[in-house]
Structures are given as C-alpha cells and as structure tokens.
Amino acid sequence: MALSKAKKIRQKQAREGKYNPELNRLSWNGLDPAARITPTLREHKEKLQRKHKWNHSLDSRDGSIYLLYRNI
C-alpha cells in the first residue's frame, strides 16, 4: 500500500529534524471515550448532596430552630 503525499512530507520533515504533528496524536491519557456514561438520577442527587453541604432542601427536616426562654 502506498503512502499518501502528506505522510511522505511528514516523514521527510521528521528526518530533517523538524516538528512532526503526529506526536500530538497520542492516547486519551487513560480515558476511554466509549466507556463514559451519564450519571443516574441517584448519583446526580448524591453529588449535589455532597457539593452543596449547606443546602438542606434535599433533607427531610425543614431546618427550623426552636428556642425556649424562661424568666425566673
């Protein structure tokens, strides 16, 4: 199978010590783009629960405080 004209030029430039753009075409740094999935609703809610620590809207309590003062 013959080499394309562009590949021949790239190889010639690499032999001459010039920059080879094929070096930029490396791996995905450990990521597999086909394996990525969107989070489930439960995972999404758990993430929000951890992210917004003071957001009690997902909590069952209403967040109210009851104080009782007694004068003697």
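Residues numbered from 1 in each chain as written. Predicted model: local features only at pLDDT ≥ 70, side-chain atom pairs only at ≥ 80, totals over all residues. Heavy atoms only, no water.

Draft legend 1. Region of interest: the overall build of the chain. Regarding its fold elements, the chain presents two helices and zero strands. Across the 72 residues in the chain, those meeting the buried criterion constitute 3%. Carbon together with sulfur atoms contributes 55% to the accessible area of the chain, which is approximately 8,000 Å² in total. (Helix = DSSP H or I, 4+ residues; strand = E, 2+ residues; numbered from the N terminus. Buried < 20%, exposed > 50% of the residue type's maximum accessible area, 1.4 Å probe, protein only. Areas by Shrake-Rupley, 256 points an atom, 1.4 Å probe, with all protein chains shown as cover.)

Draft legend 2. Focus on the side chain of Arg10. Relative to the elements of secondary structure, Arg10 occurs in helix α1 (residues 5-15). In this structure Arg10 touches Asn20, Pro21, Glu22 and Arg25, once residues within four positions along its chain are discounted. (Contact = heavy atoms within 4.5 Å.)

Draft legend 3. Layout of the pattern of salt bridges. Scanning all chains against the criterion turns up three salt bridges. Put simply, Arg10 and Glu22 hold a salt bridge, and the shortest N to O gap is 3.2 Å. You can see Arg10 sitting in helix α1 and its partner Glu22 sitting in the loop between α1 and α2 (41-51), a full 12 residues away along the chain. A residue is classified by how much of its surface remains accessible, and Arg10, at 19% relative accessible area, is buried. Of the charged contacts, one joins Arg42 and Glu46 as a salt bridge, the two residues approaching to 3.3 Å between their closest N and O atoms. Of this pair, Arg42 and Glu46 both sit in helix α2, separated by four residues, roughly a single helical turn. (Salt bridge = Lys/Arg side-chain N within 4 Å of Asp/Glu carboxyl O.)

Draft legend 4. Seen up close, the side chain of Asn20. Here Asn20 lies in the loop between α1 and α2. Using a relative accessible area of 15% as the deciding quantity, one classes Asn20 as buried. Those residues in contact with Asn20, other than ones at most four positions away along the chain, are Arg10 and Ala14.

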